[in-house]
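Here is how the chains run, residue by residue.
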Amino acid sequence: MNKGALVYDYLIVGAGWFGAVTAYELTKKGKRCLVIDKRSHIGGNSYTENVDDINVHKYGAHIFHTNDREVWEYVNQFADFNRYTNSPVADYHGEIYNLPFNMNTFHALWSVTTPVEAKAKIESQRMRITEPQNLEEMALSLVGTDIYEKLIKGYTEKQWGRKCSELPAFIIKRLPLRFTYDNNYFNDRYQGIPIGGYTQLFEKLLDGVEVKLNTQYKHDEFGAKKVIYSGAIDEYFDYRYGSLEYRSLQFENETLDIENYQGNAVVNYTSSEVPYIRIIEHKHFEFGKQEKTVITREFPKEWQKGEEPFYTVNDNKNTEKYKQYVDLANSEKNVIFGGRLGSYRYYDMWQVIKEALKTVEKEIGGENNE
Ligand code: UDP
């Protein structure tokens, strides 16, 4: 590449949260950015598509939640958020339980009515382990056998395609345990869905930024001083140390001629016999009253090269391999890696936004100090 022909300050690979937020911020600072994405749309996995007047979360449920006021105020600049509160229910062989594990769940499981009774029940089943080594041990020591068998084991093993005894314990920490009648899945202070879907929010972030869709990243193809890369870090380095592991998902969408299919946006199927992990009914994210409804079944599957990676598998083996890639990344002077795939982390949306804002701050701050 002829360095004299560098047109862009930044080539940003990926039009998801990391790419769109860095593009917005850098453009605001007067930098010339080009955003490319291999998909035919912006928004990454948060992309929503309007089907029969319903905003369909094309890559699975995306419920915005954060405890971080800065991030919450940030996203609210680009959309109005509704008061949606995630309160999924679990279906285990036709038995319905509220999530996260709370007094409603305990009552349905054991007919207990007070926190003291619920705690005593859990205490009688709890495994006593001081340092849980894996997800199974962590779950059994936190909630005991009934909840583990009915609501965790099948779901988790389907989602990750691995035994709970082979998964890292931190995954389960995402799921709170509560002794109040509170079905709010998240503990965060702020939560909601952008009214009208996520895509318009990304359109605002990328307003005035040059975007090329259906464009695969190839090293050195576009003249840019720096690259911001939110694709998979192992793919960037042509899998030099072998590929990291990911979980993928397959979605089956259906439009039904009924008004209300399951009465909730998210129903988890926690038994190992049902092949999908959940059914999403999209209209409920925005309290829709349309005559029809769109539902999506989510089937987890192992990722293979060429497929969409959705979840990173942050076990010891992959963590070690990722460190090798980080060493390579550190020697790649003009490339910044970020986002769920670039950082190989089980990030939520707000964490990616935070990471993107910090990245830009460092970039611009560094420049000011030069
Ligand atoms: N989980 C579970 N049962 C459920 C829902 C979640 O055991 O009904 C556990 C499971 O280990 C899962 C983790 O909690 O991997 C996080 O699940 P969540 O659905 O919150 O993750 P997401 O796919 O939305 O990132």
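In this text, all values refer to a predicted model and were calculated from it rather than measured experimentally. (Residues numbered from 1 in each chain as written. Predicted model: local features only at pLDDT ≥ 70, side-chain atom pairs only at ≥ 80, totals over all residues. Heavy atoms only, no water.)

How do you make sense of the overall build of the protein chain when you look at a structure like this?
What the protein chain contains, in helices and strands, is eleven helices and 16 strands. By the compact-globule yardstick of 21 Å for 370 residues, the protein chain fits well, its C-alpha radius of gyration being 22 Å. Seen along its three principal axes, the alpha-carbon backbone of the protein chain occupies a region of about 75 × 50 × 35 Å. Within the protein chain, the proportion of its 370 residues that are buried is 56%. In the protein chain, 72% of the contacts between residues at least 6 apart in sequence involve partners at least 24 apart. Here the protein chain carries 46 positive and 54 negative side-chain charges, and the mean point of each set is 3 Å from the other. (Helix = DSSP H or I, 4+ residues; strand = E, 2+ residues; numbered from the N terminus. Rg over C-alpha atoms; globule rule 2.2 N^0.38 Å. Buried < 20%, exposed > 50% of the residue type's maximum accessible area, 1.4 Å probe, protein only. Contact = heavy atoms within 4.5 Å. Lys, Arg positive; Asp, Glu negative; His and termini not counted. Charge placed at Lys NZ, Arg CZ, Asp CG, Glu CD.)

Mind showing me how you'd approach the sheet that holds strand β2 (residues 33-36) here?
Sheets are built from strands paired through backbone hydrogen bonds, the pairs being either parallel or antiparallel. Reading across from one edge, β9-β2-β1-β10-β16 is the order of the five strands in this open sheet, with parallel pairing throughout. Looking at strand neighbours, the two that pair on one side only are β9 (210-212) and β16 (335-337), the edges of this open sheet. Between one strand axis and the next, the sheet turns by 20° as a mean value, whatever way the strands run. Where strand β10 (residues 224-229) and β16 come together, three bridges link them in parallel fashion. Bridge pairing links Tyr229 to Phe337 in β16. (Pairing = 2+ DSSP bridges. Axes fitted to C-alpha atoms, helices over the stretch in contact; angles between N-to-C directions.)

Help me out: how do you make sense of the site of the ligand in this one?
Surveying the vicinity of the ligand reveals 17 residues, the closest of which are Thr156, Gln159, Tyr185, Tyr311 and Tyr346. One of the backbone nitrogen or oxygen atoms of Leu151 is found 2.8 Å away from a nitrogen atom of the ligand. Here Tyr155 contributes a side-chain N or O atom positioned 3.2 Å from an oxygen atom of the ligand. For the ligand, the accessible surface in isolation is 530 Å², of which the surrounding protein chains cover 92%. Per-element tally for the shell around the ligand: the top contributor is helix α6 (residues 145-160), with six residues. Classifying every residue of the shell around the ligand gives eleven nonpolar, four polar and two charged. (Near = heavy atom within 4 Å. Polar contact = N/O pair within 3.5 Å; in protein donor to acceptor, adjacent residues only side chain to side chain. Areas by Shrake-Rupley, 256 points an atom, 1.4 Å probe, with all protein chains shown as cover. Nonpolar A, V, L, I, M, F, W, Y, C, P; charged D, E, K, R; others polar.)

Is there a simple way to explain a negative patch on the surface in this structure?
A grouping of Asp52, Asp53, Asp257, Glu259 and Glu291 is seen on the molecular surface, where their side chains present a negatively charged patch. Examined against the element boundaries, Asp52 turns out to sit in the loop between β3 (48-51) and β4 (54-57). (Patch = residues over 30% accessible without salt bridge, like charges linked within 9 Å, V, L, I, M, F, W, Y side chains within 5 Å. Salt bridge = Lys/Arg side-chain N within 4 Å of Asp/Glu carboxyl O.)

Explain the layout of surface pockets here, please?
Reported here for the second largest pocket is a volume of approximately 740 Å³. The wall of the second largest pocket is formed by 26 residues, among which Val335, Ile336, Phe337, Lys362 and Glu363 lie closest to the centre. For the lining of the second largest pocket, the element with the highest residue contribution is helix α11 (residues 349-368), accounting for seven residues. Class assignment for the residues of the lining of the second largest pocket results in eight nonpolar, five polar and 13 charged. (1 Å grid on protein atoms, 1.4 Å probe; cavity = no way out; pocket = protein on both sides within 12 Å on 5 of 7 lines; lining within 4 Å. Points joined across faces, edges and corners; volume = space filled by probe spheres on them.)

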